[in-house]
Amino acid sequence: MMTGKMSSPIRSNPIRSNCGRRAAVGGKGIHLFREEEEEDPLATDLVLVVPEAGVDRIEWAKQLVGNAVRSPHTRQAYLYALEQFFVWAEGRAISRESVQGYVTWLGEMKFSPSTINQRLAAIRKLATEAQRCGYVDRETAQAIVTVAGVSQKGRRLGRWLAWEEARTLLQAPNPHSIRGMRDRALLGVLVTCALRRGELSRMNCEHLAMRDGRWVFLDFLGKGNKTRSAAVPLWVKQEIDGWLDVAGIEKGPIFRRVLANGRVGKDALTERAVWQLVREYAAQIGIGELAPHDLRRTAAKLCRAKGGELEQIQFLLGHESILTTERYLGSEQDLKNAVNDALVFE
């Protein structure tokens, strides 16, 4: 239940929302948010209802939020966040207090501040859309929207691999198996082309093209539905060609699922599969927790270490502002050649 500081802000008569649905208290709908045994008596009337009995409350919430988010990347993150929230909230009322409790629980489970705030953003979006579509009034929605996020002190530099660590990771897949050939090409793309895992998952053969005498991933859709391109090093293109040849792929998704019997599927690897693959090889070579985005950061760091111009790294990453690239690289803090290394007292 969404709760505010009033006795009954939702009208008892059904109201037609501007989303074409009905909202009611005690009507034919089912409660999206369950009531707790011990609860503020002033909150008992503040119940968000699904307009039709039998509607799954998680799917209803996901549809409500999913239809309101334009970015595919944000939509996917929000829908996953809502799934996780409702799993945690089973048997609990969804109120300001329970959302605060969820934020506290995430912190106790050692989730990063950015993950906690993203999940809270999805819950806030649900409250906002519930208000917009007439399921709950403004004050009730604001009780959820105003739940405080987690502050992050300092600037998170993130994880990246040193040159030898990157080399070891790229050599980890078995070059004599079909899955290993795919994974060598996939890791090569992540480490050198700085693609996000969603961009890699959506990459098709048609994106590979010659420009200015070299191979590039041409005009693919990046974050925020922005079109960009990325140069492909020759050795990475050779790894891709080897995988495509043995897999018999001539068009469509480049990176696909390999079944246990060695057959190659038709559908692209999912973003989650890419994430799991990176974690698997990181564990195999003993470098601990590693995510695809860490390899994107690795590409930028190694390009900079090799003398790459900041502006060109900005293009590679697809950043609109060079200031974003500077922050991304941690340009203001050189940990390898730290200024305090010279402070030696003997």
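Residues numbered from 1 in each chain as written. Predicted model: local features only at pLDDT ≥ 70, side-chain atom pairs only at ≥ 80, totals over all residues. Heavy atoms only, no water.

Draft legend 1. Expanded view of the packing of aromatic side chains. By the definition in use, this model includes 6 aromatic pairs. Geometrically, the ring pair formed by Y102 and W105 is stacked, given 6.1 Å between the ring centres and 15° between the ring planes. With Y102 and W105 both in helix α3 (residues 96-108) and 3 residues apart, this pair spans about one turn of that helix. Judged by relative accessible area, which is 1%, Y102 ranks as buried. Judged by relative accessible area, W105 falls into the partly exposed class, the value being 31%. Where W105 meets F111, the ring centres are 6.5 Å apart and the plane angle is 40°; that geometry is what we call tilted. Through successive ring pairs, a cluster of aromatic residues spans F85, F86, W88, Y102, W105 and F111. In this structure, K306 packs its charged tip against the face of W163, placed 4.6 Å from the ring centre. (Phe/Tyr/Trp six-rings, centres within 6.5 Å; stacked < 30°, edge-to-face > 60°. Helix = DSSP H or I, 4+ residues; strand = E, 2+ residues; numbered from the N terminus. Buried < 20%, exposed > 50% of the residue type's maximum accessible area, 1.4 Å probe, protein only. Lys NZ or Arg CZ within 6 Å of the ring centre and 35° of its normal.)

Draft legend 2. Quick peek at unusual backbone geometry. Notably, K110 is not glycine yet its phi reads approximately 70°, a positive angle. Inspection of the secondary structure puts K110 in the loop between α3 and α4 (113-132). With a phi angle near 50°, D219 is a residue other than glycine that sits in the positive phi range. Here D219 lies in strand β6 (residues 214-221).

Draft legend 3. Here's a closer look at the sheet that holds strand β7 (residues 227-231). The strand order across the open sheet built from 3 strands is β5-β6-β7, with neighbouring strands paired in antiparallel fashion. Both edges of this open sheet fall to β5 (208-211) and β7, since each of them pairs with a single strand only. Within this sheet the neighbouring strands show an average axis-to-axis angle of 40°, counted without direction. With 4 bridges connecting them, β5 and β6 associate as antiparallel partners. (Pairing = 2+ DSSP bridges. Axes fitted to C-alpha atoms, helices over the stretch in contact; angles between N-to-C directions.)

Draft legend 4. Geometry of helix α9 (residues 234-247). In this model α9 runs 20 Å from its N-terminal to its C-terminal C-alpha over 14 residues, within 8% of the 20 Å that 1.5 Å per residue would give. Listed in full, the buried residues belonging to α9 are V236, K237, I240, W243, L244 and A247. Projection of α9 onto a plane perpendicular to its axis shows the buried side chains occupying an angular sector of 125°, all on one side. Set apart from the buried face of α9 by more than 90 degrees, the exposed residues are L234 and D245. (Expected span 1.5 Å × (residues − 1). Arc of directions from axis to C-beta.)

Draft legend 5. Just the pairing of strand β9 (residues 264-268), in detail. Here strand β8 (residues 256-258) runs beside β9; their pairing, made up of 2 bridges, is antiparallel. Bridge pairing links V258 to V264 in β9. With antiparallel pairing between neighbouring strands as the criterion, β8 and β9 make up a hairpin whose turn holds 5 residues, including G262 at a positive phi of roughly 90°.

Draft legend 6. The arrangement of helix α1 (residues 57-66) in detail. Summarising burial for α1: 7 of the 10 residues are buried, a large majority. Those residues of α1 not exposed but buried are R57, W60, A61, K62, L64, V65 and G66.

Draft legend 7. Examining the nonpolar core more closely. With 49 residues, the main nonpolar core has F217, I240 and I254 as its most contacted residues. If we ignore the near neighbours within four places in the chain, the residues touching I254 are M203, N204, C205, L208, F217, I240, W243, L244 and I249. (Core = buried A, V, L, I, M, F, W, Y, C linked by side-chain atoms within 4.5 Å. Contact = heavy atoms within 4.5 Å.)

Draft legend 8. Quick peek at the pattern of salt bridges. All told, the structure shown has 16 salt bridges when counted by the stated rule. Where D183 meets R179, a salt bridge forms, and the shortest distance between an N and an O atom there is 3.2 Å. In this pair, D183 and R179 are both assigned in helix α7 (residues 178-193), 4 residues apart and thus about one turn of the helix distant. For D183, a relative accessible area of 0% corresponds to the buried category. With relative accessibility at 31%, the residue R179 sits in the partly exposed group. Here E199 ties to R196 by a salt bridge, and the two come within 2.7 Å at their closest N and O atoms. (Salt bridge = Lys/Arg side-chain N within 4 Å of Asp/Glu carboxyl O.)

Draft legend 9. A look at the confidence of the model for the protein chain. Considering every residue of the protein chain, the mean pLDDT works out to 80; 77% of them sit at 70 or more. A low-confidence stretch, residues 1-18 (pLDDT under 50), is modelled with 65 contacts involving residues beyond four sequence positions or located in other chains. The model gives residues 20-51 a pLDDT under 50, and that stretch makes 100 contacts with residues more than four places away or in other chains. (pLDDT = per-residue confidence, 0-100.)

Draft legend 10. Representation of the environment of L269 within the structure. Take L269: it is sitting in the loop between β9 and α10 (271-284). Distance in space between the C-alpha atoms of L269 and R256 is 4.8 Å, their sequence separation being 13 residues. Sequence-distant contacts of L269, that is, excluding residues within four places in its chain, are made with R182, L186, S201, F255, R256, R257 and V274.

Draft legend 11. Representation of the packing of helix α2 (residues 72-88) against α4 within the structure. The interhelical angle for the contact between α2 and α4, taken along N-to-C directions, is 90°, at an axis separation of 8 Å. It follows that α2 is roughly perpendicular to α4 by the angle criterion. Where α2 approaches α4, its residues A77, Y78, Y80, A81, L82, Q84, F85 and F86 are matched on the opposing element by Q118, R119, A121, A122, I123, K125 and L126. (Parallel < 35°, antiparallel > 145°, perpendicular 65-115°, else oblique.)

Draft legend 12. Just the packing of helix α6 (residues 163-170) against α7, in detail. Viewed as axis vectors pointing N to C, α6 and α7 meet at an angle of 155°, and their least axial separation amounts to 9 Å. By the criterion of interaxial angle, the relationship of α6 to α7 is roughly antiparallel. Within the contact between the two elements, α6 uses A166, L169 and L170 and α7 uses R184, L187, G188 and V191. Considering only residue class, the contact of α6 with α7 consists of 5 nonpolar, 1 polar and 1 charged. (Nonpolar A, V, L, I, M, F, W, Y, C, P; charged D, E, K, R; others polar.)

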